[in-house]
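# Coordinate analysis (summary)
One-letter residues, chain by chain:
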Amino acid sequence: MFSDNENPGTEISAGQSATAASPAPETITSTVQTEEKIPTAVEAQDAAVAPPVAGEPAAVTVSPTEPVAAPDGPAAVEHSDMSAVAESGEPSTESTAEMEQLMEQYAAPHQAPSEGEIESGQVVAVIELGVVVDLGGKTEGLIPAQEFAELDGPFPLQAGQPVEVQRTGDRKDGYVLLSYQRVRRRRVWAKIEEAYRHKTDITGKVVDHIKGGLVVDIGVRAFLPASQADAHPVRDLVEWKDRELTVRVLKMNRKRGNVVVSRRAILDEQLQAQKQAMLDSMAEGQTVKGVVKNVTGYGAFVDLGGIDGLLHITDMSWGRVASPLDAVRPGEEVEVKILKYDREKGRISLGRKQLLPDPWASVAERYAIGTKLTGKIMGLTDYGAFVELEPGIEGLVHVSEMSWSKRKQHPSKIVKVGDDVEVTVLGVDSNERRISLGMKQAQSDPWQQLAEKYPVGTVVSGKIRNLTEFGAFLEIEEGFDGLIHVSDISWTGRVKNPADVYKKGDAVEAKVLKIDPASRRVSLGVKQVNDIWSSWFEKHKVGDLIRGRVSRVTTFGAFVEIADGIEGLCHISEIDERRPKGDKQQVVAPRSGARQSGLLDPGRDYEFKIVKISPDQHKIGLSYRAAQKQAERRDMEDYRSTKSSATATIGDAIMAKRSL
């Protein structure tokens, strides 16, 4: 019945290699309505010529948008329409227009799409070989099943579903081979390029983790570095698998198929926007809430919502804070007050204690001077100790106020951190937030007890603790020293430097000479322990004649040793004979034994008369001249009493004395 040109099989092959022009939407609708009556005749002819193979779709299909190319197709349609017109008696205007449109489409030349061009089709069926797609113009194509082999999840195509494909240029089992993945990849790359150019966001799913980052499926496998996964460093990448992420394309190379994405870029923009909004609404004195982000040795950084503020350790509490970790913890939500805000540098200083009542407001009323309190040692320095009286209130005990002893000791030698101590308030300065405290004032004054325990005249013993040029310090008891002045070391020895007599650690006995509790001074004397003066003064009086040895001679007289450790002074006026007033030329002949120079010889013994005694000052005045006169009178009286003669003279008495 059919020639070679009229063979439906030949027409189908030609139709598969040619591409019909796409009709307008309204044309498609009219054509479908018109050709609904035709398929039975065409299908019957196709069935008679080439029966379909079982299990596969028919090789011949009629596109609703294109006329059949068989010779009898249009003719049959035209004949059918004309018969309908003849039977009706008058032609239908609508049918005539549709018919003319179909004829125009059939007469128009059809150009096959190029190999890389994207075509739209409709899924006819899903078979074992793949997916059959109706491309129109009696053309069906096949998407091989291999393109869906690595597909995860449900099958993406169903019968009747529109689909975009691309011809590969090959044929199989009478089908034009199509590629679904090529089109999909082209669309994906176009989307990625657009996102890269316009810096828009793309949503993807984490499908794997590799060294240094994650693999995110955004249509293609993209690399997400670990440093770009979050605003903070990420340690465990395994937990991120199967997460849906919104990312930003940082780099791409379509030829190599490389894409690098970042999630951190989006987060940074969000944080920057939050930070700017926060900065615009922020003001000094404002109370805000934040989360402790990081804790350092000097304070804590608080995240206020995109911007960090510093909460210094001194502003965490009114009380002493040894470590910021004692006041706050990372991740803790805190309420703080903005103390200072530098808009240019973006620095914010925060305070927490400023939201609490100030304990210093009523310190002056609650801690009057002289009040005795109990506190805890909170800190030690070289100059004293800090004592906490209550949370937020601390006072300083200076090292000089820690002990009554004048010996300088480091505070750590007296107290330690954590000790409970009794103190007395010495001074309060609310403006400077300072309280001066004293530990020794809370105890009884040991100097008053010392005066009662060691009255003047008491002999004490101790060890030499320190030596100076003017004396030696003797430790009476722990913490209390007395001074032995250089003049109180010996009665007779001329001590110029105490180091010539003592050394540190020597055990010495001394007598308490004076105690002054107000000035915290004790005067001691070593020579007063053996007081030879008292017994001497008891045995001697003014006018007595004594014998002594000249120890040394000075310009103003001679020092005479009259007992062991006791010296007296014979002034120069008491050595020579006095000249009568007004007779400077008259010279009185000295008696025998006197030096012609008017001075006594050191080392020789002479007889002296006591002319002055000062027991308080331990001073004795002697006179050689008076002793000589008294001796002469005594000799004269002795002579007169033994060998008296009316004619005897003084000279005879003296000569008689010498002759004896």
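Structure: above.
Because the structure is predicted, anything quoted here is derived from the model rather than measured. (Residues numbered from 1 in each chain as written. Predicted model: local features only at pLDDT ≥ 70, side-chain atom pairs only at ≥ 80, totals over all residues. Heavy atoms only, no water.)

## A closer look at the overall build of the chain
Short version of the rule: Numbered from the N terminus, helices here are DSSP runs of H or I no shorter than four residues, and strands are runs of E no shorter than two. Exposed residues in this analysis have more than 50% of their type's maximum accessible area, buried residues have under 20%, and partly exposed residues fall in between, with area computed by a 1.4 Å probe over protein chains only. Shrake-Rupley sampling with a 1.4 Å probe provides the accessible areas, and residues are treated as covered by the protein chains on show and by no other component.
Summing up its helical and strand segments, the chain has 12 helices and 30 strands in all. The buried share of the chain, taken over its 660 residues, is 35%. When the accessible area of the chain is evaluated, it comes to approximately 39100 Å², of which 50% is carbon and sulfur surface.

## A closer look at the side chain of threonine 168
The criterion, for reference: Contacts described as polar in this section are N or O atom pairs within 3.5 Å, which, within protein, must combine one atom able to donate a hydrogen with one able to accept it, while residues neighboring in sequence count only if both atoms come from side chains.
Inspection of the secondary structure assignment puts threonine 168 in strand β4 (residues 162–172). For threonine 168, a relative accessible area of 17% corresponds to the buried category. At a separation of 3.4 Å, a polar atom in the side chain of threonine 168 contacts the main-chain amide nitrogen of aspartate 170. Separated by 3.1 Å, the side chain of threonine 168 and the backbone oxygen of leucine 177 make a polar contact.

## Thoughts on the layout of surface pockets
Our working rule: Residues are called lining when one of their atoms sits within 4 Å of a cavity or pocket point, these points coming from a 1 Å grid over the protein atoms alone, where a cavity is a set in which a 1.4 Å probe fits but cannot get out and a pocket is an open set with protein on both sides within 12 Å along at least five of seven lines. Grid points are joined across faces, edges and corners, and a volume is the space filled by probe spheres set on the points. Under the scheme applied here, ten amino acids are nonpolar (Ala, Val, Leu, Ile, Met, Phe, Trp, Tyr, Cys and Pro), four are charged (Asp, Glu, Lys and Arg), and all others, including Gly, are polar.
Looking at the largest pocket, its volume works out to about 710 Å³. If you trace the largest pocket, you find 16 residues lining it, with Glu150, Leu151, Arg184, Asp217 and Gly219 closest to the centre. Mapped by element, the contributors of at least two residues to the lining of the largest pocket are α6 (180–198) and β6 (201–210). Of all the elements, α6 adds the most residues to the lining of the largest pocket, at three residues. For the lining of the largest pocket, the residue count by class is three nonpolar, three polar and 10 charged.

## Some words on unusual backbone geometry
The backbone of lysine 199 shows a phi angle near 55°, a positive value even though the residue is not glycine. Among the secondary structure elements, lysine 199 is positioned in the loop between α6 and β6. Even without being glycine, aspartate 242 reaches a positive phi, approximately 70°. Along the chain, the position of aspartate 242 falls in the loop between β8 (221–225) and β9 (244–253).

## Notes on the sheet that holds strand β29 (residues 605–614)
Where we set the bar: For two strands to be treated as a pair, DSSP must find at least two bridges joining them. Note on definitions: angles span 0 to 180 degrees between N-to-C directions of axes, and those axes are lines fitted to C-alpha atoms, for helices only across the stretch in contact.
Around the barrel, which closes on itself, the five strands sit in the order β26-β27-β28-β30-β29 with mixed pairing between neighbours. Here the average twist between neighbouring strands, direction ignored, is 50°. As paired elements, β29 and strand β30 (residues 619–623) share five bridges and run antiparallel to each other. Bridging from a neighbouring strand, isoleucine 610 pairs with leucine 622 of β30.

## What to know about the sheet that holds strand β15 (residues 347–351)
The sheet built from five strands closes into a barrel, its strands ordered β11-β12-β13-β15-β14 with mixed pairing. Strand-to-strand twist of the sheet, defined as the mean angle between neighbouring strand axes without regard to direction, takes the value 50°. The sheet contact formed by strand β11 (residues 287–295) and strand β12 (residues 299–303) spans four bridges and is antiparallel. Opposite asparagine 294, over in β12, you have phenylalanine 301 as the bridge partner.

## Concerning the pairing of strand β7 (residues 213–217)
Among the five residues in β7, four count as buried, and that is most of the element. The turn linking β6 back onto β7 is made up of two residues, and glycine 212 within it adopts a positive phi angle of 95°. Relative to β8, β7 is paired through five bridges, and the arrangement is antiparallel. Paired with valine 215 across the strands is phenylalanine 223, a residue of β8. Counting the residues in the hairpin turn of β7 and β8 gives three residues, including glycine 219, whose phi is positive at 110°.

No statement about biological role is implied by the geometric values presented.
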